[in-house]
Amino acid sequence: MAIKTQSVNGITLSYQERGRGARNVALLHGFPLDSRMWEQQLAALGDAPGGYRVVAPDLRGFGQSRSETPFTIESLADDVHALLSAVGALPTVLVGLSMGGYVALAYAKKYSADLRGLVLVDTKAEGDTTEGKTGRQKMIDLVRKEGSKAVADQMRPKMLAKDAAEQRPQQAQALRRNMESCPPKTIEHALAAMRDRPDRSSELSSIKVPTLVVVGESDAITPPDVAQAMSKKIAGAELVTIRGAGHMSPMEQPEQVNRALRAFLERIR
Ligand code: MLT
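Please read these numbers as outputs of a predicted model, since none were measured by experiment.

Engineer: Even after reading the chapter, I still don't get unusual backbone geometry, so can you show me in this structure?
Structural biologist: Note on backbone geometry: most residues besides glycine have negative phi, and most peptide bonds are trans. The residue after Phe31, namely Pro32, is reached through a cis peptide bond having omega -10°. Relative to the helices and strands, Pro32 is located in the loop between strand 3 (23-28) and helix 1 (39-46). A positive phi is found at Asn9, a non-glycine position, where the angle reads about 50°. Exposure remark for Asn9: the relative accessible area of 44% places this residue in the partly exposed category.

Engineer: It is not clear to me how the packing of aromatic side chains should be interpreted in this structure. Could you clarify?
Structural biologist: The description of two aromatic rings rests on the distance between their centres and on the angle between their planes. For the coordinates displayed, the defined rule picks out two aromatic pairs. Ring centres of Phe62 and Phe71 lie 6.2 Å apart, and the angle between their planes is 50°; this geometry places the pair in the tilted category. Both residues of the pair, Phe62 and Phe71, belong to the buried class. Measuring from centroid to centroid gives 5.3 Å for Tyr107 and Tyr111, while their planes differ by 55°, and the two rings are tilted. The ring of Tyr102 has Arg197 lying over it, and the distance from NZ or CZ to the ring centre is 3.8 Å.

Engineer: Please clarify how the site of the ligand should be interpreted in this entry.
Structural biologist: Every residue near the ligand is listed here: Gly30, Phe31, Ser98, Met99, Tyr102, Arg136, Met155, Met194, Ile221 and His247. Within the side chain of Tyr102, an N or O atom sits 2.6 Å from an oxygen atom of the ligand. At 2.8 Å from an oxygen atom of the ligand is found a side-chain nitrogen or oxygen belonging to His247. Burial of the ligand by the protein chains amounts to 93% of its free accessible area of 270 Å². Of all the cavities here, the one that holds the ligand is the largest pocket. Considering only residue class, the shell around the ligand consists of six nonpolar, three polar and one charged.

Engineer: I keep staring at the nonpolar core and nothing clicks. Help me out?
Structural biologist: Proteins that are soluble and globular tend to have nonpolar side chains buried together. Counting 89 residues, the largest nonpolar core has Phe31, Ile73, Leu94, Met99, Leu118, Val119 and Met248 as the members making the most contacts within it. With eight residues, helix 3 (residues 99-110) is the largest single contributor of residues to this core.

Engineer: What exactly am I supposed to notice about the pattern of salt bridges here?
Structural biologist: Where side chains of opposite charge bring their charged atoms close, a pairing between them can arise. Following the criterion strictly, the structure yields 20 salt bridges and no others. Among the salt bridges present, the one from Arg144 reaches Glu188, with a minimum N-O distance of 2.8 Å. Taken together, the residues Arg144 in helix 4 (residues 130-146) and Glu188 in helix 8 (residues 184-195) connect sequence positions 44 residues apart. Here Glu203 ties to Arg200 by a salt bridge, and the two come within 2.9 Å at their closest N and O atoms. This pair shows no difference in class: Glu203 is buried, exactly as Arg200 is.

Engineer: What am I meant to see in the packing of helix 2 (residues 73-86) against helix 3 here?
Structural biologist: Geometrically, a packed helix pair is captured by the angle between its two axes and the distance between the axes. Remark: helix 2 packs on helix 3, axes separated minimally by 8 Å, with the N-to-C direction vectors making an angle of 70°. Our classification of the angle between helix 2 and helix 3 gives roughly perpendicular. Where helix 2 approaches helix 3, its residues Ile73, Glu74, Leu76, Ala77, Asp78, Val80 and His81 are matched on the opposing element by Met99, Tyr102, Val103, Ala106, Tyr107 and Lys110. The class makeup of the residues in the contact of helix 2 with helix 3 is nine nonpolar, one polar and three charged.

Criteria and thresholds
- Residues numbered from 1 in each chain as written.
- Predicted model: local features only at pLDDT ≥ 70, side-chain atom pairs only at ≥ 80, totals over all residues.
- Heavy atoms only, no water.
- Helix = DSSP H or I, 4+ residues; strand = E, 2+ residues; numbered from the N terminus.
- Buried < 20%, exposed > 50% of the residue type's maximum accessible area, 1.4 Å probe, protein only.
- Phe/Tyr/Trp six-rings, centres within 6.5 Å; stacked < 30°, edge-to-face > 60°.
- Lys NZ or Arg CZ within 6 Å of the ring centre and 35° of its normal.
- Near = heavy atom within 4 Å.
- Polar contact = N/O pair within 3.5 Å; in protein donor to acceptor, adjacent residues only side chain to side chain.
- Areas by Shrake-Rupley, 256 points an atom, 1.4 Å probe, with all protein chains shown as cover.
- 1 Å grid on protein atoms, 1.4 Å probe; cavity = no way out; pocket = protein on both sides within 12 Å on 5 of 7 lines; lining within 4 Å.
- Sits in = over half its atoms within 2 Å of the grid points.
- Nonpolar A, V, L, I, M, F, W, Y, C, P; charged D, E, K, R; others polar.
- Core = buried A, V, L, I, M, F, W, Y, C linked by side-chain atoms within 4.5 Å.
- Salt bridge = Lys/Arg side-chain N within 4 Å of Asp/Glu carboxyl O.
- Axes fitted to C-alpha atoms, helices over the stretch in contact; angles between N-to-C directions.
- Parallel < 35°, antiparallel > 145°, perpendicular 65-115°, else oblique.
- Contact = heavy atoms within 4.5 Å.

Printed below as a string of structure tokens:
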């Protein structure tokens with residue numbers, strides 16, 4: 001797995017890259033994770049005969065992209081566009097999970113000319129409710145007082161399908177390691193960025209690129225009915241429900257997710 005770096009927008013962003021194909025695919029991770037969550041998709045798409053070049057960045061502050069600078073969801077989209085432009089990976093199909101999906105929607109609005117397709121995984125277009133915003137503040141207080149592990153402990157039960165920790169302990173451990181390694185400052189900045197992100201529901205009807213919506217059948221954070229409503233607002237969007245998965249469907253059921261991704265990418269060729 002090639003881990004590379006590229007300086008853009010005043011930061012050195014780290015990213016994983018796989019495959020040498022002519023068609024670009026970028027994978028945007030969720031919170032509080034990094035590009036490691038896409039391991040199975042990097043392998044499946046990077047080595048696929050269809051010929052893809054797959055780039056999975058560590059967003060600002062996450063993974064190896066160390067930074068203590070605050071950011072917004074839109075500025076993360078600016079970073080992604082600048083990175084892909086600098087490494088010659090535009091136009092691209094963007095695949096975003098949860099927070100990565102929020103970034104993908106911001107990118108779709110601002111950089112539609114450099115977008116070939118959109119895959120929205122376990123994510124939603126609505127902004128935070130008042131209650132949600134209060135929850136973000138509580139979590140900011142928690143990470144300030146007790147650090148990243150406390151946040152990971154609080155989030156973990158909602159991330160995976162029921163019984164996943166017993167049935168697939170390696171996955172649960174990989175997820176826990178990924179979450180606990182996220183720097184506390186980044187967790188704080190990301191919570192503020194998600195709290196303050198705009199509601200993008202009214203923009204869904206303006207999306208003109210082929211779109212696939214993917215959701216775990218027992219996603220407790222962005223549930224299937226939310227995904228279904230989102231897909232209905234995007235012209236021609238397809239919806240795929242992943243069996244036996246919660247919020248982290250690409251890690252939990254990689255074969256089903258990879259099959260859906262490959263079929264979508266082949267269709268929009
Ligand atoms: C994520 O998985 O990225 C987060 O759960 C998204 C959120 O908290 O809104």
